[in-house]
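What follows is each chain in one-letter form.
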Amino acid sequence: MLHLSPLRRQLACLHAYALVTYPFACVPFLFLYFRQHGLGEGAYGEIVGAYYLAMFVCEVPTGVLADRWGRRPMLVAGPLLLASGFGTLLLWPTYAGFLVGEVLLGLGHAVLSGPPSALLYETLAEHGQQHRFLGIESRLSALRLLGTGSAFLIGGALARHGGAEGYRATIVATALGCVLAAVLALLLRPGQPQPQLRARAFAGAVGRELRKPAVAWLLGYWIVLFALLRFPFHDYQPYLSAAGAIVPLLHDPLFAGALFATLNLGAAPLSALVPKLVARCGRRPLFWGMPIVLCASMAVMGIERWRAETGTGAPWLVWLGVSMFFLQQVPFGMHWALLQEFVNHRIGSAVRTTVLSALSLGARAVYALLNVLLFHLQAERGMSTAFLCTAIFGLAAAGAVLWLRPRGLLRGQGPLD
């Protein structure tokens, strides 16, 4: 790496960092770990809601810090905050400790929500190669999914063979992986310093960017899509736990880890294919297709749970429901690179991370409340009701947002200039 050009060395470091950014070996088992310590689905929803609330509070401040102090310090701090959050879950296994741990995890994710993409774009722009952004960001997204998927598989093995301490072992492995990511971030070049605006001018620049019709519309779309992506993800382990009454294999930790790994590994190629899909299909079918696929898949899962709740469930229906996990990876693997490209080409560099954080803030603020409501609905009325309500109202919201978009906004093919 010492003999590489500055651009190639920086890109190599970003690729390595992407592989270990989210080494979440414990994620497929956190619901079971919480339940092991006496928490039900309603309390689980509250804890996850605290995570999103923390991101809501911290998104813009951390974006401002990244724009003011640089991207590399945030790429070091983010994984260290994640490690401290997972450590708190391990060392303080009570409702209060889980709340604190999830708040730290939310802060860590807020720190990481904008700087990796912004540093990539600015590195390419420094060398006059910003047209390569979508292709490279797609590959980085694929590597993040690959790294997380591999961690899920390791977590499944640890949970299965670790006995009573198996879930704790997955949390230790996750925390160590986050520390490794922080060490790798130290190898990154800080990048060119960005022009610093005075506080009033900075706030004015952010406001002007957010008032652009395209960016304002994307905020509404992002809120809907984010909710449709996150609710089923947080319900995967409760779904497997409940459906295991019909298909006992779903209770095997190694199977769960392998399933979550396969989901991420399946999403990774889709992320890398985004540039080709945009060139072939255009943006409009992709922006319409992502929420429709998510809503349809949750409707299938809801019908399967309704059949199980009424005593007419069957193994083939359970496997059909589990197959919807894979269908949901299509929009999950595509959405990040697609939305990042949309935003990065419309925002000035001095406030880019702050505006990205503001968009993310809106989505997470709304979902923090929705997550609590949906999991309490699930605890009181059943999983089928939660899935079917999300599918119906989600489809209506997505249709309304897409119908109201500025005319011509999603036309065209190929990268935006």
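Criteria and cut-off values
- Residues numbered from 1 in each chain as written.
- Predicted model: local features only at pLDDT ≥ 70, side-chain atom pairs only at ≥ 80, totals over all residues.
- Heavy atoms only, no water.
- Helix = DSSP H or I, 4+ residues; strand = E, 2+ residues; numbered from the N terminus.
- Buried < 20%, exposed > 50% of the residue type's maximum accessible area, 1.4 Å probe, protein only.
- Areas by Shrake-Rupley, 256 points an atom, 1.4 Å probe, with all protein chains shown as cover.
- Expected span 1.5 Å × (residues − 1).
- Polar contact = N/O pair within 3.5 Å; in protein donor to acceptor, adjacent residues only side chain to side chain.
- Contact = heavy atoms within 4.5 Å.
- pLDDT = per-residue confidence, 0-100.
- Phe/Tyr/Trp six-rings, centres within 6.5 Å; stacked < 30°, edge-to-face > 60°.
- Lys NZ or Arg CZ within 6 Å of the ring centre and 35° of its normal.
- 1 Å grid on protein atoms, 1.4 Å probe; cavity = no way out; pocket = protein on both sides within 12 Å on 5 of 7 lines; lining within 4 Å.
- Points joined across faces, edges and corners; volume = space filled by probe spheres on them.
- Nonpolar A, V, L, I, M, F, W, Y, C, P; charged D, E, K, R; others polar.
- Axes fitted to C-alpha atoms, helices over the stretch in contact; angles between N-to-C directions.
- Parallel < 35°, antiparallel > 145°, perpendicular 65-115°, else oblique.
- Left-handed = near helix turned anticlockwise from the far one by under 90°.
- Patch = residues over 30% accessible without salt bridge, like charges linked within 9 Å, V, L, I, M, F, W, Y side chains within 5 Å.
- Salt bridge = Lys/Arg side-chain N within 4 Å of Asp/Glu carboxyl O.
- Core = buried A, V, L, I, M, F, W, Y, C linked by side-chain atoms within 4.5 Å.

Asks: Can you tell me about the overall build of the protein chain, naming the residues and giving the values?
Replies: Along the protein chain, the regular secondary structure elements total 16 helices and 0 strands. Buried residues in the protein chain amount to 55% of all 417 residues. Carbon and sulfur atoms make up 69% of the accessible area of the protein chain, which totals about 16,500 Å².

Asks: Go over helix H7 (residues 133–161) with me, naming the residues and quoting the values.
Replies: Between its first and last C-alpha atoms H7 spans 42 Å; for 29 residues at 1.5 Å apiece the expected length is 42 Å, and the two agree. One or two steps after H7, the chain reaches Gly163, where phi turns positive at roughly 65 degrees.

Asks: Kindly report on the side chain of Thr390, identifying the contributing residues and their values.
Replies: Examined against the element boundaries, Thr390 turns out to sit in helix H16 (residues 383–403). Accessibility expressed as a relative area gives 10% for Thr390, which makes it buried. Of the polar contacts made by the side chain of Thr390, one reaches the backbone oxygen of Ala386; its length is 2.7 Å. Thr390 has contacts with Leu228, Phe231, Met298, Leu374 and Leu395, leaving out every residue within four places of it along the chain.

Asks: Talk me through the confidence of the model for the protein chain; I want residue IDs and the actual numbers.
Replies: Looking at the protein chain, pLDDT values average 85 and 85% of them are 70 or higher. Confidence, expressed as mean pLDDT per element, reaches its minimum in the protein chain at helix H9 (residues 199–211) with 60 and its maximum at H16 with 96.

Asks: Give me the lowdown on the packing of aromatic side chains, citing residues and values where you can.
Replies: Taken as a whole, this structure holds 26 aromatic pairs when the rule is applied. Measuring from ring centre to ring centre gives 4.6 Å for Phe34 and Phe98, while their planes differ by 50 degrees; the resulting arrangement is tilted. Pair noted here: Phe34 is in helix H2 (residues 30–36) and Phe98 is in helix H5 (residues 95–112), with a separation of 64 residues, a long-range link. Taking 6.0 Å as the distance between ring centres and 45 degrees as the angle between the ring planes, the aromatic pair formed by Trp217 and Phe287 counts as tilted. Separated by 70 residues along the polypeptide, Trp217 in helix H10 (residues 213–243) and Phe287 in helix H13 (residues 283–309) bring together distant segments of the chain. Across the pair, exposure class does not vary: Trp217 and Phe287 are buried alike. Over the ring of Tyr239 we find Arg305, and its NZ or CZ is 5.5 Å from the ring centre.

Asks: So what's going on with the layout of surface pockets? Residues and values would help.
Replies: The space that makes up the largest pocket amounts to roughly 250 Å³. As for the largest pocket, its lining consists of 13 residues, and the residues nearest its centre are Ala227, Leu370, Thr390, Phe393 and Gly394. Sorting the residues of the lining of the largest pocket by element identifies H10, helix H15 (352–381) and H16 as the ones contributing at least two each. Taken together, the residues that form the lining of the largest pocket break down as 11 nonpolar, 2 polar and no charged.

Asks: Summarise the packing of helix H4 (residues 71–91) against helix H6 (residues 115–126); cite the residues concerned and give the values.
Replies: Packing of H4 against H6 brings their axes to within 9 Å, and their N-to-C directions diverge by 150 degrees. Put simply, H4 runs roughly antiparallel to H6. In the crossing of H4 with H6, the sense of the turn from one axis to the other is left-handed. Contact with H4, carried on its side by Arg71, Met74 and Leu75, involves Pro115, Pro116, Ala118, Leu119 and Glu122 of H6 and no other residues of that element. In the contact of H4 with H6, the residues fall into 6 nonpolar, no polar and 2 charged.

Asks: Let's hear about a nonpolar patch on the surface: which residues, and what values?
Replies: On the surface, a cluster of nonpolar side chains totalling about 320 Å² of accessible area is made up of Leu80, Val179, Leu180 and Val183. By residue number, the principal contributor to the nonpolar patch is helix H8 (residues 166–185), which donates 3 residues. Within the fold, Val183 resides in helix H8. The class of Val183 is partly exposed, set by a relative accessible area of 48%.

Asks: Kindly report on the nonpolar core, identifying the contributing residues and their values.
Replies: Membership of the largest hydrophobic core comes to 113 residues, with the highest contact counts inside it found for Phe34, Phe86, Trp217, Leu218, Tyr221, Phe287 and Phe325. Broken down by element, the residue count for this core peaks at 17 residues, all from H10. Not counting residues within four places of it along the chain, the set of residues in contact with Trp217 comprises Phe287, Phe342, Val401, Leu402, Leu404, Arg405, Pro406, Leu409 and Leu410.

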